[in-house]
Amino acid sequence: MKHYGKFYIGGEWVDPVQSRTVELINPATEETFATAALGSEDDVDRAVTAAKKALPGFSATSKQERIALFERIVEVVEARQEQIMAGITRELGAPCSMKEQVRGTMTVFRTAIALLKDYSFETRLGNAILRREPIGVVGLITAWNWPVQSLAIKLASALGAGNTVVLKPSEFTPSSAIHLAEALHEAGVPPGVFNLVNGDGPTVGNAICRHPGIAMVSMTGSTKSGILVAEAAAKTVKRVCQELGGKSANLILPDADLAGAARSSVARGFANTSQSCHAPTRILVHKDQKDAFVKLLAEETGKLRVGDPMDPATTMGPVVNKSQFERVQRYIESAIGEGATLVCGGPGRPHGMTQGYFVQPTIFSDVTPDMTIAREEIFGPVLAVLTYADEDEAVALANGTPFGLGAYVFSGDNKKGRAVCERLQAGRVFYNGDPGDLSAPMGGYKQSGNGREVGVFGLEEYCEVKAIFGFQEPVAAL
């Protein structure tokens, strides 16, 4: 059995200070396929020391040098994408056909390359020179649902700004991060610029948040975890950037193409087994169109193929682990108990499956705003259909949760659709199924986080701003 027993610190694969391990379970088979070392506070301290040592040299590199590094990273990840995707499928259960799990990583770095080519870290404002400088050593805490792309999003911005990093990936998907670390090493990331310590949140995550040598923490995860991160980081007055939970509303306006909206809602709502913070799991449809739209949703859902994620024909795999499986089952049972109408799916595994953490793609209609599945993030394949009487009620329902990460609008009238998009309290709003753009900012309103990721907004999260007065010469082309 494979054992991922080392951490990547200072450009080398090193043994952990203490001997603690976690079993890695294949969610499709419920079998242990590997073990991984869990780090400690001492391992984090070693990683921070390495990152601090590398910071002066790397922060002084030019844009051209960072661009060249990113170009090598893209080249190596592209050559290793099959290996990286196989690791994601094995530990997360994402279908092997879901190539965007890895291709998105390359897109992130390509986008960062294009940004850096045109970006200036030094500008002038009135009689001041404004400099954006690296914030320092950055702690990255990433989630399991997009284990490589989520890491790349943070890493491209952090390194693009000239920082050095210490990464803690999720303990549920450590091998994916290890595969990416191997790619970064091959690409020639200088020693100490990128450091990897596997471990759990209470130990390694907490140590990163509290460490006085870390200037910033960027975290993706649940809102509950985000609160703990902010509390731990507050004692050293760190900058904290967080992408947290979501309960994205999906507004189907009366003049929308219902068939097209249903196709998009099912495709995006159940993608990655609905284990995505932006998943449009809360569908709002006009009360007079509910029956027709629910029928379309059920028909589209019937086309999904749930099964072995190693099979290229599979479109939906299992949820990540037993705990998540049981969590989703509780939400399904709560919806039934609270009076929602089960349209398709329901409790238990899909018909004929006796093992694996597979959940039936499930849709409930007649959901009311006070029901649990309308208020809480499930992170599993359960869609809730609510109805509204008019546009104002639809917007109120959409904005009526503590979350504000993403939102979706479908309409046949662009003027009306744009007006509704502007009324929604969400960091990203997708109109008529548009896929979005990784150069545009990503982040949330309300309890869905603070700060923004990707593009220029993401890059500047990892910078300090300095104003220099008394010099009249032109700014440097940095």
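Residues numbered from 1 in each chain as written. Predicted model: local features only at pLDDT ≥ 70, side-chain atom pairs only at ≥ 80, totals over all residues. Heavy atoms only, no water.

Trainee: Describe in detail the overall build of the chain, supporting the description with residues and values.
Mentor: In terms of regular secondary structure, the chain is built from 14 helices and 23 strands. Taking 23 Å as the expected radius of gyration for a compact globule of 478 residues, we find that the chain reaches 23 Å, a close match to that expectation. Dimensions along the principal axes, computed over C-alpha positions, put the chain at roughly 65 × 60 × 40 Å. Classification of the 478 residues of the chain by burial places 58% in the buried group. Here the analysis covers contacts within the chain between residues at least 6 apart in sequence; of these, 73% occur between residues at least 24 apart. Total accessible area on the chain is roughly 18900 Å²; 52% of this is exposed by carbon and sulfur atoms. (Helix = DSSP H or I, 4+ residues; strand = E, 2+ residues; numbered from the N terminus. Rg over C-alpha atoms; globule rule 2.2 N^0.38 Å. Buried < 20%, exposed > 50% of the residue type's maximum accessible area, 1.4 Å probe, protein only. Contact = heavy atoms within 4.5 Å. Areas by Shrake-Rupley, 256 points an atom, 1.4 Å probe, with all protein chains shown as cover.)

Trainee: Help me get a handle on the sheet that holds strand β5 (residues 31-37), residues and values and all.
Mentor: The strand order β1-β5-β4 describes an open sheet built from three strands, whose pairing is mixed. In the strand order of this sheet, the two ends are held by β1 (2-4) and β4 (21-26), each with one partner. Sheet twist, expressed as the average angle between the axes of neighbouring strands with direction ignored, equals 30 degrees. Examined bridge by bridge, β1 and β5 share three bridges and lie parallel to one another. Paired with K2 across the two strands is A34, which belongs to β5. Contacts between helix α2 (residues 63-92) and the sheet are confined to β1, β4 and β5, with β4 contributing the most and set at about 95 degrees to the helix. (Pairing = 2+ DSSP bridges. Axes fitted to C-alpha atoms, helices over the stretch in contact; angles between N-to-C directions.)

Trainee: I'd like to hear about the pattern of salt bridges, residue by residue, with values.
Mentor: Oppositely charged side chains can pair when the atoms bearing their charge come close. Inspection of every chain in the model, using the stated rule, returns 24 salt bridges. The salt bridge partner of E182 is R80, with a shortest N-O separation of 3.7 Å. Of this pair, E182 sits in helix α5 (residues 174-187) while R80 sits in helix α2, and the two are 102 residues apart along the sequence. Note on E182: relative accessible area 27%, which makes it partly exposed. R131 serves as the salt-bridge partner of E122, at 2.8 Å between the closest nitrogen and oxygen. Classification of E122 as buried rests on a relative accessible area of 8%. Residue R131 is classed as partly exposed on the basis of its relative accessible area of 25%. Members of the salt-bridge network, linked through shared partners, are E122, R131, E133 and K466. (Salt bridge = Lys/Arg side-chain N within 4 Å of Asp/Glu carboxyl O.)

Trainee: So what's going on with the nonpolar core? Residues and values would help.
Mentor: Among the nonpolar cores identified, the biggest contains 70 residues, and F70, I73, L155 and F194 are the most heavily contacted of them. The dominant element in this core, judged by the number of residues it contributes, is α2, at eleven residues. (Core = buried A, V, L, I, M, F, W, Y, C linked by side-chain atoms within 4.5 Å.)

Trainee: Explain the sheet that holds strand β19 (residues 406-410) to me, and be specific about the residues and the numbers.
Mentor: For sheets, the rule is that strands pair by backbone hydrogen bonds, running either parallel or antiparallel. Across the sheet, seven strands lie side by side as β15-β16-β17-β14-β13-β19-β20; this open sheet has mixed pairing. Strand pairing shows two members of the sheet lacking a second neighbour, β15 (341-344) and β20 (428-431), which therefore form its edges. Going across the sheet, the axis of each strand differs from the next one's by a mean of 25 degrees, ignoring polarity. Pairing between β15 and strand β16 (residues 362-365): three bridges, direction antiparallel. When the bridges of β16 are listed, L342 appears paired with F364.

Trainee: Lay out the side chain of R428 in plain terms, naming residues and giving numbers.
Mentor: Inspection of the secondary structure assignment puts R428 in strand β20. Look at R428: it is buried, it has no salt bridge, and the nearest opposite charge is D437 at 6.3 Å. At 2.7 Å, the side chain of R428 and the backbone oxygen of D437 are in polar contact. (Lys, Arg positive; Asp, Glu negative; His and termini not counted. Polar contact = N/O pair within 3.5 Å; in protein donor to acceptor, adjacent residues only side chain to side chain.)

Trainee: Tell me about the pairing of β20, and please be specific about residues and values.
Mentor: A one-sided burial pattern is seen for β20, the buried positions being R428 and F430 and the unburied ones V429 and Y431. Bridge count for β19 against β20 is four bridges, and the pairing is parallel. Paired with A407 across the strands is V429, a residue of β20. Between the parallel pair β19 and β20, the chain is carried across by helix α13 (residues 414-423), and the sense of this crossover is right-handed. (Right-handed = clockwise from strand over helix to strand, strands pointing away.)

Trainee: Now, about the packing of helix α3 (residues 100-118) against helix α4 (residues 149-160): what can you tell me, with residues and values included?
Mentor: It is at 8 Å that the axes of α3 and α4 come closest, and there the two elements cross at 15 degrees. The angle between the axes of α3 and α4 places the two elements in the roughly parallel class. The crossing of α3 and α4 is right-handed. The segment α3 lies against α4, with E100, Q101, G104, T105, V108, F109, A112 and L116 engaging Q149, A152, I153, L155, A156 and G160. Of the residues belonging to the contact of α3 with α4, the class tally is eight nonpolar, five polar and one charged. (Parallel < 35°, antiparallel > 145°, perpendicular 65-115°, else oblique. Left-handed = near helix turned anticlockwise from the far one by under 90°. Nonpolar A, V, L, I, M, F, W, Y, C, P; charged D, E, K, R; others polar.)

Trainee: Talk me through the packing of α2 against α3; I want residue IDs and the actual numbers.
Mentor: Between α2 and α3, the least distance of the axes is 7 Å, while the angle of their chain directions is 170 degrees. Taken as axis vectors, α2 and α3 run roughly antiparallel relative to one another. Grouping the amino acids of the contact of α2 with α3 by side-chain chemistry returns 15 nonpolar, three polar and eight charged.

Trainee: Hey, could you go over the pairing of strand β12 (residues 239-243) for me, with residue numbers and the actual values?
Mentor: Of all five residues in β12, four are buried; the element is thus mostly enclosed. One crossover worth recording links strand β11 (residues 216-220) to the parallel β12 by way of helix α7 (residues 223-234), and it is right-handed. Here β12 runs beside strand β22 (residues 449-450); their pairing, made up of two bridges, is antiparallel. When the sheet's bridge partners are listed, Q242 is paired in β22 with N450.

Trainee: Talk me through the side chain of K168; I want residue IDs and the actual numbers.
Mentor: Here K168 lies in strand β9 (residues 164-168). Looking at K168, its side chain comes within polar contact range of the main-chain oxygen of G199, at 3.1 Å. Excluding its chain neighbours within four sequence positions, the residues that come into contact with K168 are L140, I141, T142, V197, G199, D200, G201, V204, G205 and I208.

Trainee: Can you tell me about unusual backbone geometry, naming the residues and giving the values?
Mentor: Residues other than glycine seldom take positive phi values, yet K446 does so here, at roughly 50 degrees. The exposure class of K446 is partly exposed, given its relative accessible area of 37%. Backbone geometry places V454, a non-glycine residue, at a positive phi of 60 degrees. Along the chain, V454 falls in the loop between β22 and α14 (455-461).

Remember that the coordinates give geometry; whether it matters functionally is a separate question.
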